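# Structural characterization, general
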Amino acid sequence: MYKINENYLKLPGSYLFSTIGKKVREYSEANPDREIIRLGIGDVTQPIAPAIIQAMHKAVDEMGVQESFRGYAPDLGYEFLRNAISECDYKARGCEIAADEIFVSDGAKCDSGNIQEIFSVDNKIAVCDPVYPVYVDTNVMAGRTGTYNPDTGMWSDVIYMPCTMENGFSPDLPAETPDIIYLCFPNNPTGSTITKDRLQEWVDYANQSGAVIIYDAAYEAYIAEDDVPHSIYECEGARTCAIELKSFSKNAGFTGVRLGYTVIPKELKCGDVSLHALWARRHGTKYNGAPYIVQRAGEAVYSAEGKKQLKAQVAYYMNNAKVIYEGLKSAGYTVSGGVNAPYIWLKTPEKMTSWEFFDFLLERANVVGTPGSGFGPSGEGYFRLTAFGTYENTAKAIERIKAL
Ligand code: MLT
């Protein structure tokens, strides 16, 4: 009889957002007359910007004509998109990232889950606590995390870096030295940020200790304050210790379109082995490239019109963030995030766990959020709301919560 990958059996429950989806579906079926407002998963609600739609239409037409038809995309991404990314996301900010250090993919979720494959199972990972569950779950699947303790909600071989109100939701350097460090700023789920000086400390630490940082910058477009870095490559020495993940989902509304990229600088080496070469080998073997139409859509994100329209879209969501932040604060909640990030992180009312508050909001206000404990043990007693709803629904949800 064949054998399965038993690491999968170690995973407790289902994926966080699947669990929430199921609970909401069940509630909705039992209460069909209730109008539920979903501010749980960070899924966008605004339509794709006109400049991007136009580029997609053009690309669709090209595919129907012999001369401009395209088959398989280059597995690492089309040059036109990699050049636009290199120029606009990096060189324009003084970061020397070349087009051929960018690997285009179908999104940061897959990349953040797949990247661990190029590292040995013996490596020890360090994660922020709370954390985007994909980092931990995919390491569980790979057999890198030891055993799960249901009482503490922790894995025996994972280094947890608590992010709490006391440290401004920004992790301290861990006591035990990790091999792979996952950082995400602006942060999901807490909505916190890191200053450039503080990020530089992490880069120095990784270079000194021989660790690699996997830096998830999916929410970079939401940065409003000056001292917050847009990329880890703004820090000196990051080219020898950091991989960066980026997404088009949150800045351009591509959650359904699917596009992202990973940056691996050529200098990033483990001994003599180039991580760039390993990821190129992996990408080439397992992936046939993001669709041409979608990569043209991605290119339009960097056009003058695209940039203008997306700036307005980000501002729309950040206005929602303000409505949530101020509304909850006026209702007496302890709130953070929502300034450089589309997530608002609030303390649950006293004596209510994160999941109890989830049920309370769902049943009493018909509002869906995400329980903090779903992101890790230090998330217990917190709750996340997303600013990605429509303005009307966001305002209504906050009025309902205030009325409780
Ligand atoms: C979230 O809600 O945390 C995100 O939408 C999940 C994701 O981007 O995959």
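In this text, all values refer to a predicted model and were calculated from it rather than measured experimentally. (Residues numbered from 1 in each chain as written. Predicted model: local features only at pLDDT ≥ 70, side-chain atom pairs only at ≥ 80, totals over all residues. Heavy atoms only, no water.)

In terms of nonpolar packing, the biggest core is built from 98 residues, with I52, L183, F254 and L328 touching the most fellow members. Residue contributions to this core peak at seven residues, all from helix α10 (residues 304-330). Ignoring sequence-local partners within four residues, the contact set of I52 consists of A252, F254, A297, A300, V301 and L310. The next biggest cluster of nonpolar side chains, apart from the first, holds 28 residues, and it includes V136, W155, V212 and I264. (Core = buried A, V, L, I, M, F, W, Y, C linked by side-chain atoms within 4.5 Å. Buried < 20%, exposed > 50% of the residue type's maximum accessible area, 1.4 Å probe, protein only. Helix = DSSP H or I, 4+ residues; strand = E, 2+ residues; numbered from the N terminus. Contact = heavy atoms within 4.5 Å.)

This structure, assessed with the given rule, holds 20 salt bridges. With a closest N to O distance of 3.2 Å, D359 and K23 form a salt bridge. A residue pair is termed long-range when its members are at least 10 positions apart, and D359 in helix α11 (residues 354-365) and K23 in helix α1 (residues 16-30) qualify at 336 residues. Classification of K23 by relative accessible area gives partly exposed; the value is 29%. As a salt-bridge pair, R82 and E79 come within 3.4 Å of each other at their nearest N and O atoms. Taken together, the positions of R82 and E79, both in helix α3 (residues 79-90) and three residues apart, correspond to about one turn of that helix. Accessibility expressed as a relative area gives 47% for E79, which makes it partly exposed. (Salt bridge = Lys/Arg side-chain N within 4 Å of Asp/Glu carboxyl O.)

In this section: helix α9 (residues 292-300). Taking burial as the measure, the nine residues of α9 include seven buried ones, the bulk of the element. Those residues of α9 that fall on the buried side of the exposure criterion are Y292, V294, Q295, R296, A297, G298 and A300. Turning to α9, the residues buried within the fold contact α2 (50-63), α3, β2 (102-105) and α10.

This part is about the UniProt feature "modified residue: N6-(pyridoxal phosphate)lysine" (unreviewed entry) in the protein chain. The sites that UniProt annotates as "modified residue: N6-(pyridoxal phosphate)lysine" (unreviewed entry) are K250. Contacts of K250, omitting those with residues within four sequence positions, involve G42, A218, Y219, Y222, Y343 and F388. At a separation of 2.9 Å, a polar atom in the side chain of K250 contacts the main-chain carbonyl oxygen of G42. (UniProt positions renumbered as here; feature names shortened; annotations may be inferred. Polar contact = N/O pair within 3.5 Å; in protein donor to acceptor, adjacent residues only side chain to side chain.)

So, on to the site of the ligand. Within the structure, the ligand sits among F17, I41, G42, K109, Y132, N188, Y219, K250, Y343 and R384. In this structure, an oxygen atom belonging to the ligand sits 2.6 Å away from a side-chain N or O atom of Y132. Contact distances for the ligand include 2.9 Å between an oxygen atom and a side-chain N or O atom of K250. Among the residues forming the shell around the ligand, the class breakdown is five nonpolar, two polar and three charged. (Near = heavy atom within 4 Å. Nonpolar A, V, L, I, M, F, W, Y, C, P; charged D, E, K, R; others polar.)

Turning our eyes to something else, we now look at a negative patch on the surface. The grouping of D197, E225, D226 and D227 at the surface amounts to a negative patch. In this fold, E225 is placed in the loop between β8 (212-216) and β9 (242-247). (Patch = residues over 30% accessible without salt bridge, like charges linked within 9 Å, V, L, I, M, F, W, Y side chains within 5 Å. Areas by Shrake-Rupley, 256 points an atom, 1.4 Å probe, with all protein chains shown as cover. Lys, Arg positive; Asp, Glu negative; His and termini not counted. Charge placed at Lys NZ, Arg CZ, Asp CG, Glu CD.)

All right, on to the layout of surface pockets then. Volume-wise, the largest pocket comes out at about 840 Å³. Lining of the largest pocket is provided by 35 residues; of these, P12, S14, P133, D137 and G374 occupy positions nearest its centre. Breaking the lining of the largest pocket down by element, the ones donating at least two residues are α1, α4 (108-114), β3 (125-129) and α5 (133-142). Here the residues of the lining of the largest pocket sort into 20 nonpolar, 12 polar and three charged. Here the second largest pocket defines a volume of roughly 600 Å³. Lining the second largest pocket are 23 residues; nearest its centre among them are R93, E220, A221, K311 and V314. Every element with two or more residues in the lining of the second largest pocket is listed here: α3, β9 and α10. (1 Å grid on protein atoms, 1.4 Å probe; cavity = no way out; pocket = protein on both sides within 12 Å on 5 of 7 lines; lining within 4 Å. Points joined across faces, edges and corners; volume = space filled by probe spheres on them.)

Let us look at the sheet that holds strand β6 (residues 158-162). Here we have seven strands laid out as an open sheet, ordered β2-β10-β9-β8-β7-β3-β6, and mixed in their pairing. Across the chains shown, the open sheet's two edge strands, defined by having one partner strand only, are β2 and β6. Taken pair by pair, the neighbouring strands of this sheet meet at an average axis angle of 20°, ignoring direction. Sheet topology places β8 next to β9; four bridges connect them, and they run parallel. Bridge assignment links D216 to a residue of β9, and that residue is L245. Across the sheet, helix α8 (residues 275-286) is in contact with β2, β8, β9 and β10 (260-263); its angle to β2 comes to roughly 25°. (Pairing = 2+ DSSP bridges. Axes fitted to C-alpha atoms, helices over the stretch in contact; angles between N-to-C directions.)

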